[in-house]
Number of protein chains: 2
Amino acid sequence: MTRPHELDDIDRRILALLVQNATMAYSEIARQLHVSGGTVHSRMSRLEDLGVVRGATLDLDLTKVGFTIQAFLGIYLLKSSYCDAVIAQLRDIPEVISLHFTTGSYNLFARLACRDTQHLRNVLHDLVQQIEGVERTETLISLEEVFNRSVRLDETAPVAS
Amino acid sequence: MTRPHELDDIDRRILALLVQNATMAYSEIARQLHVSGGTVHSRMSRLEDLGVVRGATLDLDLTKVGFTIQAFLGIYLLKSSYCDAVIAQLRDIPEVISLHFTTGSYNLFARLACRDTQHLRNVLHDLVQQIEGVERTETLISLEEVFNRSVRLDETAPVAS
DNA sequence: AAACTTTATCGAAAAATTTTCGAAAAATTA
DNA sequence: TAATTTTTCGAAAATTTTTCGATAAAGTTT
């Protein structure tokens, strides 16, 4: 269930700041929003409990840690009943860094990070294509990540209209 | 230029821990890796200077902050010379949260986060499709983000083979 | 190989932050 | 309005980050 109702204006302003920069200190947020540090802390605890905040991830330049090839992979299944089993096997391939269940051309849509083209070839040919239930795949290679950002939380308030 | 050579084993082990959980304290990393807190700090500063670490982002459950629809958008351009202008205009649409320059079926590939289907319709019809140089688009709606994780830095070392 | 230079680490002190918690204030309910 | 619950503040305690000099390690030059 989705209940954005539980978030008030201060919650959103805290998140709007942290979404830009997750390393911003609670004390700094407190200064900017004119509340106490304790308030920021208790609200973040609550947002974590609610599952609104899942955690924080380090934003790496993947090319600089050796993953020079990023690709998207559209996956066609033989039968949609294979879905759960295919998902389970894709989860065991560390190069698959995200997976979506989609409508449209593909049944599943994955994002891959590989060290080089040879590595990508191996992952596709030896791992993904070998999964039972995968009919065929379509690869989009990312030549450049032009940008990557989070949603805007400041502007529009999440209200059930 | 990509020079993963500059990263040694301790760098990678620090990153491997922080990639799992960017909120882990440097002092805790120091304990686990048997180095001093000062070392973790100076190495992270260096990794930031090198651009390996770009920062940290809060990991939100988008549905719980009111963005219930996530979609991928394959974009075909009339001419590839329109690319820069189209990118500039996509950057001004906050609902476009990431953009890749791709090979394969599409010229550009975007990820969108919208509040509801009506909102998505507006973004597609009133904003994206109106951009000069965009021939047509293909939408993949994500029904579920099955998982989302970072690369594995512990296992394989980034070595130019 | 010795002397020199450079760089990285440690360890501890200082500065800043997080976390906790009781009292006060605010909001909600009866 | 009184009672109850929830939230906030403010300050203390615990922890962490950041700085920095001394030391050690690594790399250069002679």
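For chain A, an unreviewed UniProt entry supplies the name AsnC family transcriptional regulator and the organism Hymenobacter polaris.

**Student:** Could you give an account of the protein's contact with DNA strand D, with specific residues and numbers?
**Tutor:** Lining the immediate surroundings of DNA strand D are His34(A), Val35(A), Ser36(A), Thr39(A), Arg43(A), Ala25(B), Tyr26(B), Ser27(B), Arg31(B), Gly38(B) and His41(B). In DNA strand D, atoms within 4 Å of the protein come from the sugar-phosphate backbone in 86% of cases. Between DNA strand D and the protein, one listed contact pairs a phosphate oxygen with a backbone N or O atom of Ser27(B) at 3.0 Å. Between His41(B) and DNA strand D, the recorded distance is 3.1 Å, taken from a side-chain N or O atom to a phosphate oxygen. Of all the elements in the fold, those that place two or more residues in the surface near DNA strand D are helix 3 (37-49) of chain A together with helix 2 (26-33) and helix 3 (37-49) of chain B. Element by element, the count of residues in the surface near DNA strand D is highest for helix 2 of chain B, at 3 residues.

**Student:** Before we move on, can you summarise the pattern of salt bridges with the specific residues and values?
**Tutor:** All names here are of chain A. Under the definition given, this model contains 18 salt bridges over all chains. Asp 8 serves as the salt-bridge partner of Arg 43, at 2.8 Å between the closest nitrogen and oxygen. Here Arg 43, found in helix 3, pairs with Asp 8, found in the segment before helix 1 (9-20); they are 35 residues apart in sequence, far enough to count as distant. With its nearest N and O atoms 3.1 Å apart, the salt bridge here joins Glu 28 to Arg 31. With Glu 28 and Arg 31 both in helix 2 (residues 26-33) and 3 residues apart, the pair spans about one turn of that helix. Looking at Glu 28, the relative accessible area reads 27%, which means it is partly exposed. Look at Arg 31 and you get exposed, because its relative accessible area is 53%. When salt bridges with common partners are traced through the structure, they connect Asp 8, Asp 11, Arg 43 and Arg 46 into a single cluster.

Parameters and conventions
- Residues numbered from 1 in each chain as written.
- Chains lettered and ligands numbered in written order.
- Predicted model: local features only at pLDDT ≥ 70, side-chain atom pairs only at ≥ 80, totals over all residues.
- Heavy atoms only, no water.
- Near = heavy atom within 4 Å.
- Polar contact = N/O pair within 3.5 Å; in protein donor to acceptor, adjacent residues only side chain to side chain.
- Helix = DSSP H or I, 4+ residues; strand = E, 2+ residues; numbered from the N terminus.
- Salt bridge = Lys/Arg side-chain N within 4 Å of Asp/Glu carboxyl O.
- Buried < 20%, exposed > 50% of the residue type's maximum accessible area, 1.4 Å probe, protein only.

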